[in-house]
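Observations on the model geometry
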Amino acid sequence: MKRRVAALLASGVCIVVALMFPTPASAAISQITISPTAQVSSQGAFVTVTVTYQCTPSEPANIEVYVAQARGTDLVEGYGFHFGTCGSFTQTSQILVQARSGMPYHPGQAVATASDFDGGGAFTGPVEIRLAR
């Protein structure tokens, strides 16, 4: 009887310890790439960035994109987000990145990064892209 109680207590302690230190979840997004060209809106308030990604089916596909462009001594920069669900194939999304610095984007060179917004580890960049109208 004492052995059974001790075994039950030991297994209970193991379960509690396992719940206290969960293992990290697997990354939903395994790979992200950014198209080398992005479209600038007519007023430059935002750019549309095309992102291709691979991920685990039925998992979140939440992506953050950052675009920065030098304008003389200033920096035009902004973030855009995509919230979705992964399919069982390579997916492509267009993500709007809004200029947040009070200055517009212009056609020309810029730098972009993209990452798994849920912290799954997939990341690309910085990569040079061309902004075009």
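All of these numbers come straight from a predicted model, not from anything done at the bench.

1. Structural notes on the overall build of the chain
Counting its secondary structure elements, the chain contains one helix and eight strands. The N-to-C order of helical and strand elements in the chain reads α-β-β-β-β-β-β-β-β. Counting the 133 residues in the chain, one finds 35% classified as buried. A sequence separation of at least 24 residues applies to 61% of the contacts in the chain between residues at least 6 apart. Total accessible area computed for the chain in this model is approximately 8200 Å², and 59% of it derives from carbon and sulfur atoms.

2. A short note on a nonpolar patch on the surface
Residues Y79, F81, F83 and F117 make up a contiguous nonpolar surface patch of about 410 Å² in total accessible area. On the secondary structure map, Y79 appears in strand β5 (residues 74–82).

3. Brief notes about the pairing of β5
As defined by bridge partners, strand β4 (residues 63–71) adjoins β5 across nine bridges and the pair is classed as antiparallel. For Y66, the partnering residue across the bridge sits in β5 and is Y79. Count of turn residues in the β4/β5 antiparallel hairpin: two residues, of which G72 carries a positive phi of about 70 degrees. Inspection of the sheet shows β5 paired to strand β6 (residues 91–99) by two bridges, in the antiparallel sense. If you follow Y79 over to β6, its bridge partner there is Q98.

4. Here we look at the nonpolar core
Counting 26 residues, the largest nonpolar core has V49, V65, V67 and Y105 as the members making the most contacts within it. Taken together, the elements giving at least two residues each to this core come down to β1 (29–34), β2 (37–40), β3 (46–55), β4, β6, β7 (108–116) and β8 (123–132). No other element matches the five residues that β3 contributes to this core. Each residue touching V49, except ones within four places of it in the same chain, is listed here: I34, A38, V65, V67, S93, Q94, I95 and V97.

5. Here's the deal with the environment of S93
Following the sequence through the fold, S93 ends up in strand β6. Separated by 41 residues in sequence, S93 and T52 place their C-alpha atoms 6.5 Å apart. Aside from chain neighbours lying at most four places away, what touches S93 is V49, T50, V51, Y53 and H82. Polar contacts involving the side chain of S93 include one to the side chain of Y53, which spans 3.1 Å.

6. Digging into the confidence of the model for the chain
Parts of the prediction with low pLDDT should not have their coordinates interpreted in detail. Averaged over the chain, the pLDDT score is 82; the fraction of residues at 70 or greater is 78%. Of all the helices and strands in the chain, helix α1 (residues 2–20) carries the lowest mean pLDDT, 40, while β2 carries the highest, 97.

About the cut-offs
- Residues numbered from 1 in each chain as written.
- Predicted model: local features only at pLDDT ≥ 70, side-chain atom pairs only at ≥ 80, totals over all residues.
- Heavy atoms only, no water.
- Helix = DSSP H or I, 4+ residues; strand = E, 2+ residues; numbered from the N terminus.
- Buried < 20%, exposed > 50% of the residue type's maximum accessible area, 1.4 Å probe, protein only.
- Contact = heavy atoms within 4.5 Å.
- Areas by Shrake-Rupley, 256 points an atom, 1.4 Å probe, with all protein chains shown as cover.
- Patch = residues over 30% accessible without salt bridge, like charges linked within 9 Å, V, L, I, M, F, W, Y side chains within 5 Å.
- Salt bridge = Lys/Arg side-chain N within 4 Å of Asp/Glu carboxyl O.
- Pairing = 2+ DSSP bridges.
- Core = buried A, V, L, I, M, F, W, Y, C linked by side-chain atoms within 4.5 Å.
- Polar contact = N/O pair within 3.5 Å; in protein donor to acceptor, adjacent residues only side chain to side chain.
- pLDDT = per-residue confidence, 0-100.

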